[in-house]
Amino acid sequence: MTPPLHSPKEYLFNLHVTSSGEAKRLWRRHIKEEWDNECAYCGSAENLTIDHIVPRSKGGPDFSKNCLCACHSCNQDKGHTPVEQWYRSQEFFSNDRWDKIKKWTKPESAINLYTYGSRRNNLS
Ligand SMILES: [Zn+2]
């Protein structure tokens, strides 16, 4: 399966869809598929929503790396609490799931920075 595109806008730009409403729907569906239609935190398959890891109200972008599939109750319960602090205090906390969440959210730019850094070291 191809990973979700970076943001709803890319579905529009790449002409997968013709309206921003459709773009959002497709993007949400791809993110849920990427999480096997299960809550990333507790594994529930009920009332799935798109959770912003950094809430939009705190400047979190509508990018795939900042969004994952979460059930309504986790999404509501987490609220504005930092994700790691919230998740570790849950009784359904799982190291496997937390690893997957960390991998998912790891910014691609960090990889670019690493490549850039090692290239610079080779020059000196
Ligand atoms: Zn959940």
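Look above for the structure.
The following paragraphs examine the structure supplied in this document. (Residues numbered from 1 in each chain as written. Predicted model: local features only at pLDDT ≥ 70, side-chain atom pairs only at ≥ 80, totals over all residues. Heavy atoms only, no water.)

The helix and strand inventory of the protein chain stands at six helices and two strands. For the protein chain, buried positions account for 34% of its 124 residues. Expressed as a percentage of contacts within the protein chain between residues at least 6 apart in sequence, the contacts between residues at least 24 apart total 52%. As displayed, the protein chain offers around 8,200 Å² of accessible surface, 50% of which is attributable to carbon and sulfur atoms. (Helix = DSSP H or I, 4+ residues; strand = E, 2+ residues; numbered from the N terminus. Buried < 20%, exposed > 50% of the residue type's maximum accessible area, 1.4 Å probe, protein only. Contact = heavy atoms within 4.5 Å. Areas by Shrake-Rupley, 256 points an atom, 1.4 Å probe, with all protein chains shown as cover.)

Moving on, we come to the packing of aromatic side chains. Following the criterion strictly, the structure yields eight aromatic pairs and no others. Centre to centre, the rings of Trp-86 and Tyr-87 are 6.0 Å apart; their planes meet at 20°, and the pair counts as stacked. Take Trp-86: its relative accessible area is 4%, and that puts it in the buried class. Three or more aromatic residues joined by ring pairs make a cluster, and in this case those are Tyr-41, Trp-86, Tyr-87, Phe-92, Phe-93 and Trp-98. (Phe/Tyr/Trp six-rings, centres within 6.5 Å; stacked < 30°, edge-to-face > 60°.)

What follows deals with the pairing of strand E2 (residues 67-71). Burial within E2 is extensive, with five of its five residues counted as buried. The alternating pattern of E2 places Cys-67, Cys-69 and Cys-71 and Leu-68 and Ala-70 on opposite faces, both of which are buried. Bridge count for strand E1 (residues 48-52) against E2 is five bridges, and the pairing is antiparallel. Within the sheet, the bridge partner assigned to Asp-51 lies in E2 and is Leu-68. (Pairing = 2+ DSSP bridges.)

A few words on the pattern of salt bridges. This structure, assessed with the given rule, holds four salt bridges. Put simply, Glu-33 and Arg-29 hold a salt bridge, and the shortest N to O gap is 3.8 Å. Of this pair, Glu-33 and Arg-29 both sit in helix H2 (residues 20-34), separated by four residues, roughly a single helical turn. For Arg-88, the salt bridge is made with Glu-84, and the minimal N-O distance between the two is 2.9 Å. One end of the pair is Arg-88 and the other is Glu-84, both in helix H4 (residues 83-88) and four residues apart, which spans about a single turn. On the basis of relative accessible area, Glu-84 is assigned to the partly exposed category, the value being 37%. (Salt bridge = Lys/Arg side-chain N within 4 Å of Asp/Glu carboxyl O.)

Another aspect to go through is the coordination of the zinc ion. Summarising the metal site, the zinc ion is bound by the protein donors Cys-39 (SG), Cys-42 (SG), Cys-71 (SG) and Cys-74 (SG), whose distances to it range over 2.3 Å. Geometry at the zinc ion is tetrahedral, judged from its four donor atoms and the angles of 105 to 115° they form at the metal. All donor residues of the zinc ion come from one chain, and their arrangement in sequence is C-x2-C-x28-C-x2-C. A residue pair is termed long-range when its members are at least 10 positions apart, and Cys-42 in the loop between H2 and E1 and Cys-74 in helix H3 (residues 72-78) qualify at 32 residues. Its relative accessible area of 26% is what places Cys-42 among the partly exposed residues. (Donors = N, O, S within 2.8 Å, 3.2 Å for Na, K, Ca; no water. Tetrahedral: all angles 85-135°; square planar, octahedral: opposite > 155°, others 65-115°.)

Once that is clear, we can look at the environment of Glu-38. Checked against the element boundaries, Glu-38 lands in the loop between H2 and E1. Among the residues examined, Glu-38 registers a relative accessible area of 31% and is labelled partly exposed. C-alpha of Glu-38 to C-alpha of Ala-70: the two residues are 32 residues apart in sequence and 7.1 Å apart in space. In contact with Glu-38, not counting residues within four places along its chain, are Gly-43, Ser-44, Leu-48, Cys-69 and Arg-97.

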